[in-house]
Amino acid sequence: MPETSLTLIQFLLDERRRLDTDRDLTTLLHGVATACKAVSSSLKNGALADVLGSLETENVQGETQKKLDVIANDIFLQRCEFSGVLAAMVSEEMEEVYPIPAQFPKGRYVLLFDPLDGSSNIDVNVSVGSIFSIIRLAETPEDGSFDAVLRPGSEQVAAGYALYGPSTMLVLSAGDGVNAFTLDGNIGEFRLTHRNLRISEDGAEFAINASRARWWEPPVKRYIDECIADESGPRGRDFNMRWIASMVAEVHRVLLRGGVFIYPKDSKNAELGGKLRLFYEANPMAFLVEQAGGMATTGRQRVLDIESNSPHERVPVILGARSEVQRIVDYHC
(Lines give C-alpha, C1' and ligand atoms only; values in the text may rest on other atoms or scores of the structure.)
Protein backbone atom coordinates (compact mmCIF):
# COMPACT_ATOMS: atom_id res chain seq x y z
CA MET A 1 0.00 0.00 0.00
CA PRO A 2 1.49 3.40 -0.98
CA GLU A 3 2.42 5.68 1.93
CA THR A 4 -0.16 8.33 1.09
CA SER A 5 -2.90 5.69 0.93
CA LEU A 6 -2.30 4.73 4.56
CA THR A 7 -4.86 6.38 6.81
CA LEU A 8 -4.13 7.27 10.42
CA ILE A 9 -6.20 4.43 11.86
CA GLN A 10 -4.54 1.94 9.49
CA PHE A 11 -1.15 3.25 10.57
CA LEU A 12 -2.05 3.02 14.27
CA LEU A 13 -3.34 -0.52 13.92
CA ASP A 14 -0.25 -1.54 11.96
CA GLU A 15 2.00 -0.02 14.64
CA ARG A 16 0.06 -1.75 17.41
CA ARG A 17 0.60 -5.12 15.77
CA ARG A 18 4.25 -4.37 15.01
CA LEU A 19 5.17 -3.02 18.43
CA ASP A 20 2.56 -4.85 20.52
CA THR A 21 1.37 -1.56 21.98
CA ASP A 22 -1.68 -1.00 24.13
CA ARG A 23 -5.05 -1.10 22.34
CA ASP A 24 -6.30 1.69 24.62
CA LEU A 25 -3.59 4.05 23.39
CA THR A 26 -4.71 3.48 19.81
CA THR A 27 -8.26 4.28 20.86
CA LEU A 28 -7.19 7.49 22.55
CA LEU A 29 -5.01 8.69 19.67
CA HIS A 30 -7.89 8.13 17.29
CA GLY A 31 -10.13 10.19 19.57
CA VAL A 32 -7.58 13.02 19.67
CA ALA A 33 -7.36 12.96 15.87
CA THR A 34 -11.14 13.22 15.64
CA ALA A 35 -11.04 16.25 17.95
CA CYS A 36 -8.40 17.87 15.76
CA LYS A 37 -10.54 17.36 12.66
CA ALA A 38 -13.47 19.03 14.42
CA VAL A 39 -11.31 22.00 15.49
CA SER A 40 -10.03 22.32 11.93
CA SER A 41 -13.59 22.43 10.66
CA SER A 42 -14.49 25.19 13.13
CA LEU A 43 -11.48 27.24 12.08
CA LYS A 44 -12.23 27.04 8.36
CA ASN A 45 -15.31 29.24 8.44
CA GLY A 46 -13.76 31.94 10.65
CA ALA A 47 -15.77 35.16 10.62
CA LEU A 48 -18.53 33.49 8.58
CA ALA A 49 -19.37 31.33 11.60
CA ASP A 50 -18.85 34.19 14.11
CA VAL A 51 -16.07 32.31 15.91
CA LEU A 52 -13.42 35.01 15.74
CA GLY A 53 -12.69 37.65 18.35
CA SER A 54 -12.25 37.63 22.13
CA LEU A 55 -14.54 36.89 25.03
CA GLU A 56 -14.89 38.90 28.22
CA THR A 57 -13.25 36.08 30.17
CA GLU A 58 -9.72 35.04 31.07
CA ASN A 59 -8.24 31.57 31.32
CA VAL A 60 -6.38 30.32 34.38
CA GLN A 61 -3.22 31.91 32.97
CA GLY A 62 -4.81 35.35 33.18
CA GLU A 63 -4.98 35.64 29.39
CA THR A 64 -8.01 36.91 27.51
CA GLN A 65 -9.79 33.97 25.93
CA LYS A 66 -10.63 33.86 22.25
CA LYS A 67 -13.96 32.40 21.23
CA LEU A 68 -12.15 29.57 19.51
CA ASP A 69 -10.08 28.80 22.63
CA VAL A 70 -13.30 27.84 24.40
CA ILE A 71 -14.78 26.09 21.36
CA ALA A 72 -11.63 24.01 20.83
CA ASN A 73 -11.44 23.12 24.53
CA ASP A 74 -15.04 21.88 24.52
CA ILE A 75 -14.39 19.85 21.36
CA PHE A 76 -11.47 18.01 22.97
CA LEU A 77 -13.48 17.24 26.09
CA GLN A 78 -16.52 15.99 24.19
CA ARG A 79 -14.59 13.93 21.64
CA CYS A 80 -12.36 12.17 24.18
CA GLU A 81 -14.31 11.80 27.44
CA PHE A 82 -16.34 8.77 26.28
CA SER A 83 -13.32 6.75 25.07
CA GLY A 84 -13.31 4.54 28.16
CA VAL A 85 -9.51 4.73 28.47
CA LEU A 86 -9.05 8.05 30.30
CA ALA A 87 -8.61 8.66 34.00
CA ALA A 88 -8.78 12.43 33.55
CA MET A 89 -8.06 15.33 31.20
CA VAL A 90 -6.04 18.45 31.94
CA SER A 91 -6.34 21.56 29.78
CA GLU A 92 -4.47 24.83 29.63
CA GLU A 93 -7.85 26.55 29.54
CA MET A 94 -9.22 24.96 32.73
CA GLU A 95 -8.44 25.68 36.35
CA GLU A 96 -9.05 22.14 37.62
CA VAL A 97 -8.56 18.58 36.41
CA TYR A 98 -11.47 17.53 34.22
CA PRO A 99 -12.92 14.31 35.67
CA ILE A 100 -14.37 11.71 33.34
CA PRO A 101 -18.19 11.81 33.64
CA ALA A 102 -19.64 8.99 35.73
CA GLN A 103 -21.55 7.47 32.80
CA PHE A 104 -18.31 6.62 30.97
CA PRO A 105 -15.78 3.90 31.87
CA LYS A 106 -12.42 5.04 33.20
CA GLY A 107 -8.95 3.93 32.22
CA ARG A 108 -5.38 4.76 33.22
CA TYR A 109 -4.46 7.39 30.62
CA VAL A 110 -4.31 11.12 31.20
CA LEU A 111 -4.67 13.55 28.28
CA LEU A 112 -3.08 16.96 28.72
CA PHE A 113 -3.66 19.51 25.99
CA ASP A 114 -3.50 23.07 24.75
CA PRO A 115 -6.65 23.15 22.62
CA LEU A 116 -5.55 26.12 20.50
CA ASP A 117 -1.93 27.22 20.56
CA GLY A 118 -1.10 30.59 19.00
CA SER A 119 -4.67 31.85 19.32
CA SER A 120 -3.47 35.47 19.17
CA ASN A 121 -3.00 34.75 15.45
CA ILE A 122 -6.58 33.62 14.82
CA ASP A 123 -8.04 36.98 13.90
CA VAL A 124 -5.33 37.61 11.28
CA ASN A 125 -5.65 34.14 9.69
CA VAL A 126 -2.16 32.89 10.60
CA SER A 127 -1.43 29.22 11.34
CA VAL A 128 -2.41 27.94 14.78
CA GLY A 129 -2.52 24.47 16.28
CA SER A 130 -3.46 22.06 19.05
CA ILE A 131 -0.87 20.33 21.26
CA PHE A 132 -1.40 17.16 23.28
CA SER A 133 0.49 14.93 25.70
CA ILE A 134 -0.46 11.47 26.97
CA ILE A 135 0.75 9.71 30.09
CA ARG A 136 -0.21 6.31 31.48
CA LEU A 137 -0.70 5.90 35.21
CA ALA A 138 0.14 2.73 37.09
CA GLU A 139 -3.50 2.50 38.10
CA THR A 140 -6.68 4.55 37.87
CA PRO A 141 -6.41 7.25 40.56
CA GLU A 142 -9.00 7.45 43.30
CA ASP A 143 -9.10 11.23 43.18
CA GLY A 144 -8.80 13.76 40.40
CA SER A 145 -6.14 15.99 41.92
CA PHE A 146 -3.16 17.36 40.03
CA ASP A 147 -0.88 15.43 42.39
CA ALA A 148 -2.53 12.21 41.22
CA VAL A 149 -2.26 12.81 37.48
CA LEU A 150 0.81 14.95 36.75
CA ARG A 151 4.06 13.23 35.79
CA PRO A 152 7.44 14.33 34.37
CA GLY A 153 7.68 14.62 30.62
CA SER A 154 9.98 11.59 30.54
CA GLU A 155 6.93 9.45 31.40
CA GLN A 156 4.94 10.49 28.34
CA VAL A 157 3.89 7.56 26.18
CA ALA A 158 2.73 9.72 23.28
CA ALA A 159 2.55 13.34 22.22
CA GLY A 160 1.80 15.40 19.17
CA TYR A 161 0.16 18.41 17.61
CA ALA A 162 -2.24 19.41 14.89
CA LEU A 163 -1.25 22.28 12.61
CA TYR A 164 -4.11 24.25 11.07
CA GLY A 165 -2.52 25.98 8.08
CA PRO A 166 -2.92 25.78 4.30
CA SER A 167 -3.53 22.11 5.02
CA THR A 168 -4.34 20.47 8.34
CA MET A 169 -1.60 18.16 9.57
CA LEU A 170 -1.33 15.83 12.55
CA VAL A 171 2.19 15.10 13.80
CA LEU A 172 2.61 12.50 16.51
CA SER A 173 4.88 10.03 18.22
CA ALA A 174 4.12 7.05 20.43
CA GLY A 175 7.76 6.57 21.34
CA ASP A 176 9.00 5.06 18.07
CA GLY A 177 9.82 8.03 15.86
CA VAL A 178 7.73 10.92 14.55
CA ASN A 179 5.22 10.62 11.74
CA ALA A 180 3.07 13.26 10.07
CA PHE A 181 -0.37 12.94 8.50
CA THR A 182 -2.24 15.34 6.24
CA LEU A 183 -6.02 15.67 6.38
CA ASP A 184 -7.60 14.54 3.13
CA GLY A 185 -10.76 16.61 2.84
CA ASN A 186 -12.17 14.29 0.19
CA ILE A 187 -12.49 11.38 2.60
CA GLY A 188 -12.26 13.17 5.96
CA GLU A 189 -9.26 11.12 7.07
CA PHE A 190 -5.67 11.84 8.00
CA ARG A 191 -3.25 10.12 5.60
CA LEU A 192 0.41 9.40 6.19
CA THR A 193 2.57 11.87 4.24
CA HIS A 194 5.83 12.12 6.23
CA ARG A 195 7.25 8.95 7.77
CA ASN A 196 9.98 8.97 10.42
CA LEU A 197 10.80 12.68 10.50
CA ARG A 198 14.39 13.54 11.48
CA ILE A 199 15.66 17.01 12.32
CA SER A 200 18.37 18.16 9.92
CA GLU A 201 21.66 19.40 11.34
CA ASP A 202 22.17 21.56 8.25
CA GLY A 203 19.41 24.07 8.92
CA ALA A 204 20.48 27.72 9.22
CA GLU A 205 17.38 29.20 10.81
CA PHE A 206 16.57 30.37 14.31
CA ALA A 207 13.19 31.39 15.70
CA ILE A 208 13.10 33.89 18.55
CA ASN A 209 11.06 36.92 19.54
CA ALA A 210 13.66 39.60 18.85
CA SER A 211 11.53 42.31 20.45
CA ARG A 212 12.65 40.91 23.82
CA ALA A 213 16.36 41.20 23.02
CA ARG A 214 16.92 43.89 25.64
CA TRP A 215 15.95 41.38 28.35
CA TRP A 216 17.91 38.33 27.12
CA GLU A 217 20.52 36.61 29.27
CA PRO A 218 24.13 36.78 28.00
CA PRO A 219 24.23 33.16 26.65
CA VAL A 220 21.21 33.75 24.43
CA LYS A 221 22.44 37.15 23.29
CA ARG A 222 25.81 35.64 22.42
CA TYR A 223 24.22 32.89 20.32
CA ILE A 224 21.96 35.28 18.40
CA ASP A 225 24.76 37.79 17.84
CA GLU A 226 26.85 35.02 16.29
CA CYS A 227 23.97 33.92 14.07
CA ILE A 228 23.33 37.40 12.69
CA ALA A 229 27.00 38.10 12.02
CA ASP A 230 27.96 37.68 8.36
CA GLU A 231 30.05 34.87 6.90
CA SER A 232 33.20 36.39 8.40
CA GLY A 233 31.71 35.92 11.89
CA PRO A 234 32.32 33.00 14.27
CA ARG A 235 29.71 30.75 12.60
CA GLY A 236 31.13 31.26 9.11
CA ARG A 237 27.73 31.29 7.40
CA ASP A 238 24.49 33.25 7.19
CA PHE A 239 21.42 32.45 9.29
CA ASN A 240 17.79 33.48 8.78
CA MET A 241 15.46 34.51 11.59
CA ARG A 242 11.85 33.34 11.74
CA TRP A 243 9.05 34.22 14.17
CA ILE A 244 5.36 33.28 13.81
CA ALA A 245 4.24 33.51 17.47
CA SER A 246 2.68 30.05 17.19
CA MET A 247 4.74 27.31 18.82
CA VAL A 248 3.13 24.63 16.68
CA ALA A 249 4.13 26.40 13.47
CA GLU A 250 7.64 27.09 14.77
CA VAL A 251 8.28 23.50 15.85
CA HIS A 252 6.78 22.14 12.64
CA ARG A 253 9.31 24.13 10.63
CA VAL A 254 12.15 22.86 12.84
CA LEU A 255 11.04 19.26 12.30
CA LEU A 256 10.95 19.71 8.53
CA ARG A 257 13.88 22.07 7.95
CA GLY A 258 16.10 21.97 11.04
CA GLY A 259 17.30 24.99 12.96
CA VAL A 260 16.34 25.97 16.48
CA PHE A 261 13.38 27.47 18.36
CA ILE A 262 14.18 29.62 21.39
CA TYR A 263 11.84 31.07 24.00
CA PRO A 264 14.35 31.70 26.80
CA LYS A 265 14.03 32.89 30.33
CA ASP A 266 14.81 36.60 30.41
CA SER A 267 14.75 39.40 32.95
CA LYS A 268 11.13 40.17 32.05
CA ASN A 269 9.66 36.68 32.54
CA ALA A 270 12.15 35.30 35.08
CA GLU A 271 9.74 35.71 37.97
CA LEU A 272 7.29 33.40 36.22
CA GLY A 273 10.05 30.88 35.43
CA GLY A 274 9.75 31.42 31.69
CA LYS A 275 6.96 31.78 29.16
CA LEU A 276 5.82 28.38 27.89
CA ARG A 277 3.72 25.92 29.87
CA LEU A 278 5.57 22.80 30.90
CA PHE A 279 2.75 20.26 30.63
CA TYR A 280 0.84 21.60 27.62
CA GLU A 281 3.62 22.96 25.41
CA ALA A 282 7.18 22.22 26.53
CA ASN A 283 6.82 18.53 27.42
CA PRO A 284 4.96 17.33 24.31
CA MET A 285 7.15 19.34 21.95
CA ALA A 286 10.33 18.17 23.70
CA PHE A 287 9.12 14.57 23.36
CA LEU A 288 8.58 15.00 19.61
CA VAL A 289 11.89 16.76 19.05
CA GLU A 290 13.87 14.10 20.91
CA GLN A 291 12.05 11.37 18.99
CA ALA A 292 13.15 13.14 15.80
CA GLY A 293 16.80 13.13 16.87
CA GLY A 294 16.89 16.66 18.26
CA MET A 295 17.35 18.13 21.70
CA ALA A 296 15.13 20.15 24.06
CA THR A 297 16.39 22.06 27.09
CA THR A 298 15.79 25.08 29.27
CA GLY A 299 19.41 26.03 28.69
CA ARG A 300 20.31 24.44 32.01
CA GLN A 301 18.23 21.27 32.18
CA ARG A 302 16.63 18.72 29.86
CA VAL A 303 12.96 19.68 29.55
CA LEU A 304 11.70 16.10 29.99
CA ASP A 305 13.50 15.78 33.34
CA ILE A 306 11.66 18.67 34.99
CA GLU A 307 9.42 17.58 37.85
CA SER A 308 6.52 19.73 38.97
CA ASN A 309 3.11 19.37 40.59
CA SER A 310 2.02 22.81 39.45
CA PRO A 311 -0.37 22.35 36.50
CA HIS A 312 0.56 25.67 34.95
CA GLU A 313 4.32 25.67 35.49
CA ARG A 314 6.18 27.87 33.01
CA VAL A 315 9.65 27.11 31.71
CA PRO A 316 12.17 28.39 29.16
CA VAL A 317 12.38 26.27 26.01
CA ILE A 318 15.25 25.84 23.56
CA LEU A 319 14.74 23.02 21.07
CA GLY A 320 15.78 21.85 17.64
CA ALA A 321 18.88 20.48 15.93
CA ARG A 322 21.10 18.83 18.51
CA SER A 323 24.29 20.67 17.54
CA GLU A 324 22.66 24.11 17.74
CA VAL A 325 20.92 23.44 21.04
CA GLN A 326 24.09 21.99 22.53
CA ARG A 327 25.95 25.17 21.56
CA ILE A 328 23.43 27.26 23.52
CA VAL A 329 23.67 24.90 26.50
CA ASP A 330 27.46 25.23 26.42
CA TYR A 331 27.14 29.02 26.50
CA HIS A 332 24.90 28.74 29.58
CA CYS A 333 27.55 26.59 31.24
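Quick notes on the rules
Residues numbered from 1 in each chain as written. Predicted model: local features only at pLDDT ≥ 70, side-chain atom pairs only at ≥ 80, totals over all residues. Heavy atoms only, no water. Core = buried A, V, L, I, M, F, W, Y, C linked by side-chain atoms within 4.5 Å. Buried < 20%, exposed > 50% of the residue type's maximum accessible area, 1.4 Å probe, protein only. Helix = DSSP H or I, 4+ residues; strand = E, 2+ residues; numbered from the N terminus. Contact = heavy atoms within 4.5 Å. Pairing = 2+ DSSP bridges. Axes fitted to C-alpha atoms, helices over the stretch in contact; angles between N-to-C directions. Parallel < 35°, antiparallel > 145°, perpendicular 65-115°, else oblique. Nonpolar A, V, L, I, M, F, W, Y, C, P; charged D, E, K, R; others polar. Expected span 1.5 Å × (residues − 1). Arc of directions from axis to C-beta. Phe/Tyr/Trp six-rings, centres within 6.5 Å; stacked < 30°, edge-to-face > 60°. Lys NZ or Arg CZ within 6 Å of the ring centre and 35° of its normal.

J.: Now, about the nonpolar core: what can you tell me, with residues and values included?
T.: Considering soluble globular proteins, one finds that nonpolar side chains tend to be buried as a cluster. The biggest cluster of nonpolar side chains holds 48 residues, and the ones touching the most others in it are Val-149, Tyr-161, Phe-261, Met-285 and Leu-319. Examining the composition of this core, we find that eight residues originate from one element, helix H7 (residues 278-291), more than from any other. With residues near it in sequence (within four places) discarded, Met-285 still touches Ile-131, Tyr-161, Met-247, Val-248, Val-251 and Leu-319. Counting 43 residues, the second largest nonpolar core, distinct from the first, contains Ala-33, Val-39, Ile-122 and Val-128.

J.: Residues and numbers for the sheet that holds strand E12 (residues 240-242), please.
T.: Spatially, E12-E11-E13-E17-E15 is the arrangement adopted by the five strands of the open sheet, whose pairing is mixed. Both outer strands of the open sheet, E12 and strand E15 (295-297), are each paired with one neighbouring strand and no more. Here the average twist between neighbouring strands, direction ignored, is 15°. Pairing analysis gives three bridges linking strand E11 (residues 205-207) to E12, with the strands arranged parallel. Paired with Ala-207 across the strands is Arg-242, a residue of E12. Running over the sheet, H7 touches E15 and strand E17 (317-320) and is turned about 25° from E17.

J.: If you had to explain the packing of helix H6 (residues 247-257) against H7 to someone new, which residues and values would you point to?
T.: Following both chains from N to C, one finds H6 and H7 inclined at 10°, their axes separated by 11 Å at the closest point. In terms of orientation, H6 and H7 fall into the roughly parallel class. Residue-level contacts link Met-247, Val-248, Val-251 and Leu-255 of H6 to Glu-281, Met-285, Leu-288 and Val-289 of H7. A per-class count over the contact of H6 with H7 returns seven nonpolar, no polar and one charged.

J.: Tell me about helix H1 (residues 8-19), and please be specific about residues and values.
T.: Over its twelve residues, H1 extends 16 Å from the first C-alpha to the last, a length consistent with the 16 Å expected when each residue adds 1.5 Å. Taken together, the buried positions of H1 are occupied by Leu-8, Phe-11, Leu-12, Glu-15 and Arg-16. Along the axis of H1, the buried residues cluster in a sector spanning 135°; they form a single face. Immediately downstream of H1, the backbone of Asp-20 shows phi near 55°, a positive value.

J.: Can you break down the pairing of strand E13 (residues 260-263) residue by residue, with the values?
T.: Here E13 shows a buried face lined by Val-260 and Ile-262 and a second buried face lined by Phe-261 and Tyr-263. Of the strand pairs in this sheet, E11 and E13 are connected by two bridges, and their pairing is parallel. Among the inter-strand pairings, Ala-207 is bridged to a residue of E13, identified as Phe-261. Alignment of E13 against E17, held across four bridges, turns out to be antiparallel. The partner of Ile-262 across the bridge, within E17, is Ile-318.

J.: Got a sec to walk through the packing of aromatic side chains? Specific residues and values, please.
T.: Scanning all chains against the criterion turns up five aromatic pairs. Ring centres of Phe-11 and Phe-181 lie 5.1 Å apart, and the angle between their planes is 70°; on these two criteria the pair is classed as edge-to-face. Of the two residues, Phe-11 sits in helix H1 while Phe-181 sits in strand E9 (residues 179-184), which places them 170 residues apart along the sequence. Pairwise contacts between aromatic rings join Trp-243, Phe-261 and Tyr-263 into one cluster. The ring of Trp-215 carries the charged tip of Arg-214 above its face, separated from the ring centre by 4.0 Å. When the ring centre of Tyr-331 is taken as origin, the NZ or CZ atom of Arg-222, which lies over that ring, is 3.8 Å away.

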